[in-house]
Amino acid sequence: MILRIWHGYTTKSNADIYENLLKTEIFPGIEEKRIAGYKRIQLLRRELEDEVEFTTIMWFEKIESVIAFVGEDYETVYVPEKARKVLSRFDNKSIHCELKETLDYEF
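Residues numbered from 1 in each chain as written. Predicted model: local features only at pLDDT ≥ 70, side-chain atom pairs only at ≥ 80, totals over all residues. Heavy atoms only, no water.

Chemist: Would you take a moment to explain the overall build of the protein for this structure?
Modeler: The helix and strand inventory of the protein stands at three helices and five strands. Secondary structure of the protein in N-to-C order comes out as β-α-β-β-α-α-β-β. Relative to the compact-globule value of 13 Å for 107 residues, the protein shows a C-alpha radius of gyration of 14 Å, a close match. Overall, the C-alpha framework of the protein stretches about 35 × 35 × 25 Å when taken along its three principal axes. Classification of the 107 residues of the protein by burial places 36% in the buried group. Counting only contacts in the protein whose residues sit at least 6 apart along the sequence, the fraction spanning at least 24 positions is 66%. Looking at the protein as shown, the accessible area adds up to about 7000 Å², and 48% of this sits on carbon and sulfur atoms. Side-chain charges in the protein split into 16 positive and 21 negative, and the spacing between the mean points of these groups amounts to 4 Å. (Helix = DSSP H or I, 4+ residues; strand = E, 2+ residues; numbered from the N terminus. Rg over C-alpha atoms; globule rule 2.2 N^0.38 Å. Buried < 20%, exposed > 50% of the residue type's maximum accessible area, 1.4 Å probe, protein only. Contact = heavy atoms within 4.5 Å. Areas by Shrake-Rupley, 256 points an atom, 1.4 Å probe, with all protein chains shown as cover. Lys, Arg positive; Asp, Glu negative; His and termini not counted. Charge placed at Lys NZ, Arg CZ, Asp CG, Glu CD.)

Chemist: Got a minute to help me understand the nonpolar core in this structure?
Modeler: Nonpolar side chains tend to gather and get buried jointly when the protein is soluble and globular. In this structure, Y18, I26, I30, Y38, M58, F60 and A83 are the most contacted members of the largest nonpolar core, which totals 23 residues. Broken down by element, the residue count for this core peaks at seven residues, all from helix α1 (residues 15-32). Y38 has contacts with I30, E31, M58, W59 and F60, leaving out every residue within four places of it along the chain. (Core = buried A, V, L, I, M, F, W, Y, C linked by side-chain atoms within 4.5 Å.)

Following this line, the structure appears as structure tokens:
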């Protein structure tokens, strides 16, 4: 399993706008692509002193699935124009890690 990790940052006033955009347009748009090997996406939000950090973690079966999503230069970020308008800054590259183990605990 390959995890694609990316960070974007907004002003506090744009944070809810960006989160809503992710949930209502960007994530559904990714799902609609029906990428073979794409499993899920996770969204993390962290309030910082002067901004809000968003982290996305996309799960893919293999690196070829990531390439199917963004192309041969698979570190290329996927940031639609609408998102760019409310982000103050973001990672220029996504990182990719191989998932080695997952432990599930019941809470």
